[in-house]
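What the coordinates show
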Amino acid sequence: MNILFFGPNGSGKGTQGAIVKEKFNIPHIETGVIFRDNISRGTELGKKAKGYIDRGELVPDDITIPMILDRLKENDCRDGWLLDGFPRNLTQAEELDKALDKEGIPLHIVIEIILDRQIAKNRIMGRRLCVNDNNHPNNIFIDAIKPNGDKCRVCGGDLKTRSDDQDEKAIDKRHNIYYDTETGTMAAINYYKNLSNKNGGEPKLIELDGRPGVKEVSTDLIAKLG
Ligand code: AMP
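Bear in mind that the values here come from a model prediction, so they are computed numbers and not experimental data.

Comments concerning the environment of Ile19
Considering the arrangement of structural elements, one finds Ile19 in helix H1 (residues 13–24). For Ile19, a relative accessible area of 23% translates into the label partly exposed. Taking C-alpha positions, Ile19 is 27 Å from Gly104, a pair spaced 85 residues apart along the chain. Not counting residues within four places of it along the chain, the set of residues in contact with Ile19 comprises Ser218, Leu221 and Ile222.

Let's talk about helix H5 (residues 90–103)
With 14 residues, H5 should cover 20 Å at 1.5 Å per step; its first-to-last C-alpha distance of 20 Å lies within 8% of that length. Inspection of H5 places Gln92, Ala93, Leu96, Asp97, Ala99 and Leu100 among the buried residues, and these make up the whole buried set. Viewed along the axis of H5, the buried residues span an arc of 165 degrees, placing them on a single side of the element. The exposed set on the far side of H5, more than 90 degrees from its buried face, consists of Lys98, Asp101 and Lys102. Where the residues of H5 are buried, they touch strand E1 (2–6), helix H4 (61–71), strand E3 (81–84) and helix H8 (185–198). Directly after H5, the chain includes Gly104, whose backbone phi takes a positive value near 70 degrees.

Overview of the packing of H4 against H5
H5 packs onto H4 with a crossing angle of 35 degrees between their chain directions and a minimal axis gap of 11 Å. Handedness of the crossing formed by H4 with H5: right-handed. On H5, the residues that touch Asp61, Thr64, Ile65 and Leu69 of H4 are Thr91, Gln92, Glu95, Leu96 and Ala99. Residues that form the contact of H4 with H5 fall into these classes: 4 nonpolar, 3 polar and 2 charged.

Some points on the pattern of salt bridges
Overall, the coordinates contain 20 salt bridges when judged by the stated rule. Across the pair Arg41 and Asp37 runs a salt bridge whose closest N-O atoms are separated by 3.1 Å. Pair noted here: Arg41 and Asp37 are both in helix H2 (residues 31–41), with a separation of 4 residues, about one helical turn. You can call Arg41 exposed: its relative accessible area is 53%. Here Lys173 makes a salt bridge to Glu57, at a shortest N to O gap of 3.5 Å.

Definitions and limits used
Residues numbered from 1 in each chain as written. Predicted model: local features only at pLDDT ≥ 70, side-chain atom pairs only at ≥ 80, totals over all residues. Heavy atoms only, no water. Helix = DSSP H or I, 4+ residues; strand = E, 2+ residues; numbered from the N terminus. Buried < 20%, exposed > 50% of the residue type's maximum accessible area, 1.4 Å probe, protein only. Contact = heavy atoms within 4.5 Å. Expected span 1.5 Å × (residues − 1). Arc of directions from axis to C-beta. Axes fitted to C-alpha atoms, helices over the stretch in contact; angles between N-to-C directions. Left-handed = near helix turned anticlockwise from the far one by under 90°. Nonpolar A, V, L, I, M, F, W, Y, C, P; charged D, E, K, R; others polar. Salt bridge = Lys/Arg side-chain N within 4 Å of Asp/Glu carboxyl O.

Rendered as structure tokens:
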């Protein structure tokens, strides 16, 4: 199963993505995680990406697009993949589509979590990352996933914040990109909506209301995945 997952920063996309990964037993490929991993390992890619990420800007397409297309060629992607954080603009959507077409790889499902910009912003600022596992959700502003004191609610591990999560200007910039219907992420989503309409419902579109709690959104997601 080949799946794209959209949602503004702060919509719980990472958390819900983990459910999709489990259900289909496919790798959960998160562009932001790949970049942050490269930054912490001090790789060339990480050095190139860091400034953009800290400012809340997109890493340029000539770095990001080949990185993801190469990742999809790896062995663990043979039986499917879940892409999260890519495509983030119209160009990336078009390039991904071209690459998939060329290889004869279908896109099966496009999931979108719909969430108001202000709610998403508050959630980002409360987000805490578990040092042991990126799929352990913790947020000081969401009761259902509040950390245990200053430790991870799942495994008790240490928690850290992302530097770009505490910077309001950077958050606003990221959201400007997401909610941009001309060339940004919403433009990419609309690209897939048009594609689906043209192709008789392929890829299948799944829309989720991101306002309720994590559990409610998960229930909705599982029901719609069928
Ligand atoms: P995320 O973890 O998805 O919030 O991504 C963190 C940061 O990584 C973003 O603010 C961008 O700077 C960068 N990034 C993630 N995905 C992409 C992408 N598809 N294209 C360009 N930059 C990206």
